[in-house]
Amino acid sequence: MPHQVVTETVRVAIHAPAPLVRAGLAGFVALDPRLREVPPDRIREADVIVVALDVPDASALDLLPRLCDEPGARFLLVTGRQWRADMTAARKRGVRAVVWWDLCSPDVFARSVRAVAGTGSGSGTGAELNSREVDVLRLIAEGRQLDEIAAELSYSERTVRYILYGAMKRTRTRSRAHAVSYAIRAGLI
């Protein structure tokens, strides 16, 4: 079967309080011919709403329904600091992916937007990770050690290892770095 090229255009709305950040994200959109920016007054027409946040917390999540209260709105958060919001609450408000500024290249951004829109190519494994696995991988991506993760999540270090190895087995990844990379590409963290 020949490889299919995705030609569908993804409409992207951008919300970023800082003009320079907004310009950078708009530049990322402009670099990919499969992405097209929609103006803020037509945010409801967007397939993906990109929101730049310094620190994602509960108050930041409250912003999302004010930006777009459409059922099924899909948000991609681009953030620069530690995650402080409840992951389940974020999913309920439409957050489908989080990209850290440190890892946000034009390619990672475009792949994440397409994955959130449902037009990107996934990893091929079709694995779904539970919230505990996503939390552990997110903390590993932040550079935390297993003992630090255990303390933050109120698990034993052994439980954190089981969660990590379960995620690696399900995603068919070979190492912690590979599992984190999978989660980033899949738009889970």
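Values in this document were obtained by computation on a predicted structure and should not be read as measured data.

Visitor: Would you explain the pattern of salt bridges in this entry?
Guide: In this structure the tally under the stated criterion is 15 salt bridges. Across the pair Asp69 and Arg44 runs a salt bridge, and its minimum N-O distance is 2.7 Å. With a gap of 25 residues between them, Asp69 in the loop between α2 (58-67) and β4 (75-79) and Arg44 in the loop between β2 (35-37) and β3 (48-53) connect regions that are remote in the sequence. Given the relative accessible area of 51%, Asp69 is considered exposed. Overlapping salt bridges bring together Asp135, Arg138, Glu142, Arg144 and Glu152 as one network.

Visitor: Is there a simple way to explain the packing of helix α6 (residues 146-153) against helix α7 (residues 157-171) in this structure?
Guide: Two packed helices can be described by the angle between their axes and the distance between those axes. Put simply, α6 and α7 touch, their axes get as near as 8 Å, and they point 105 degrees apart. The orientation of α6 relative to α7 falls into the category roughly perpendicular. Facing Leu146, Asp147, Ile149 and Ala150 of α6, the residues of α7 in contact are Glu157, Val160, Arg161 and Leu164. Of the residues that constitute the contact of α6 with α7, the class distribution is five nonpolar, no polar and three charged.

Visitor: Would you mind going over the environment of Ala186 with me for this structure?
Guide: In this structure, Ala186 sits in the segment after α8 (176-185). With 153 residues separating them in the primary sequence, Ala186 and Pro33 have C-alpha atoms 21 Å apart.

Visitor: Quick question: what am I supposed to make of the nonpolar core here?
Guide: Within soluble globular proteins, side chains that are nonpolar generally end up buried alongside one another. By size, the foremost hydrophobic cluster in this structure holds 44 residues, and its most contacted members are Val51 and Phe75. Not counting chain neighbours up to four residues away, the residues in contact with Val51 comprise His15, Leu63, Leu64, Leu67, Phe75, Leu76, Leu77 and Val78. With 22 residues, the next largest nonpolar core counts Val10, Leu25, Ala97 and Val116 among its residues.

Visitor: Sorry, what's going on with unusual backbone geometry here?
Guide: Glycine aside, negative phi is the norm for most residues, and most peptide bonds take the trans geometry. If you check the backbone angles, Ser154 has positive phi at about 60 degrees while not being a glycine. Within the fold, Ser154 resides in the loop between α6 and α7. The class for Ser154 is exposed, based on a relative accessible area of 65%.

Visitor: What am I meant to see in the side chain of Arg144 here?
Guide: Looking at the element boundaries, Arg144 is found in the loop between α5 (131-141) and α6. Reaching out from Arg144, the side chain makes a polar contact with the side chain of Glu142 at a distance of 3.4 Å. Residue contacts for Arg144: discarding those within four places in its chain leaves Gln82, Leu139, Ile149 and Glu152.

Visitor: Hey, could you run me through the layout of surface pockets in this one?
Guide: It is a probe the size of a water molecule, rolled over the atoms, that shows where empty space is left. Approximately 180 Å³ is the volume found for the second largest pocket. The residue inventory of the lining of the second largest pocket, partitioned by class, reads four nonpolar, three polar and four charged.

Visitor: I would appreciate a short explanation of the packing of α7 against α8 in the present structure.
Guide: One can describe the packing of α7 onto α8 by two numbers: an axis separation of 10 Å at closest approach and a directional angle of 65 degrees. Taken together, α7 and α8 sit at an angle that is classed as roughly perpendicular. Where α7 crosses over α8, the two elements pack in a sense that is left-handed. Each of Arg161, Leu164, Met168 and Thr171 in α7 lies in contact with α8, whose residues at this interface are Arg176, Ala179 and Tyr182.

Visitor: Hey, could you run me through the sheet that holds β3 in this one?
Guide: The pairing of strands in a sheet happens through backbone hydrogen bonds and is either parallel or antiparallel. Pairing in this open sheet of five strands is parallel, and the strands run β2-β1-β3-β4-β5 from one edge to the other. Across the chains shown, the open sheet's two edge strands, defined by having one partner strand only, are β2 and β5 (95-100). Here the strands of the sheet are splayed against their neighbours by 30 degrees on average, with no regard to which way each runs. Bridge analysis of β3 against β4 gives five bridges, and the strand direction is parallel.

How each quantity is defined
Residues numbered from 1 in each chain as written. Predicted model: local features only at pLDDT ≥ 70, side-chain atom pairs only at ≥ 80, totals over all residues. Heavy atoms only, no water. Salt bridge = Lys/Arg side-chain N within 4 Å of Asp/Glu carboxyl O. Helix = DSSP H or I, 4+ residues; strand = E, 2+ residues; numbered from the N terminus. Buried < 20%, exposed > 50% of the residue type's maximum accessible area, 1.4 Å probe, protein only. Axes fitted to C-alpha atoms, helices over the stretch in contact; angles between N-to-C directions. Parallel < 35°, antiparallel > 145°, perpendicular 65-115°, else oblique. Contact = heavy atoms within 4.5 Å. Nonpolar A, V, L, I, M, F, W, Y, C, P; charged D, E, K, R; others polar. Core = buried A, V, L, I, M, F, W, Y, C linked by side-chain atoms within 4.5 Å. Polar contact = N/O pair within 3.5 Å; in protein donor to acceptor, adjacent residues only side chain to side chain. 1 Å grid on protein atoms, 1.4 Å probe; cavity = no way out; pocket = protein on both sides within 12 Å on 5 of 7 lines; lining within 4 Å. Points joined across faces, edges and corners; volume = space filled by probe spheres on them. Left-handed = near helix turned anticlockwise from the far one by under 90°. Pairing = 2+ DSSP bridges.

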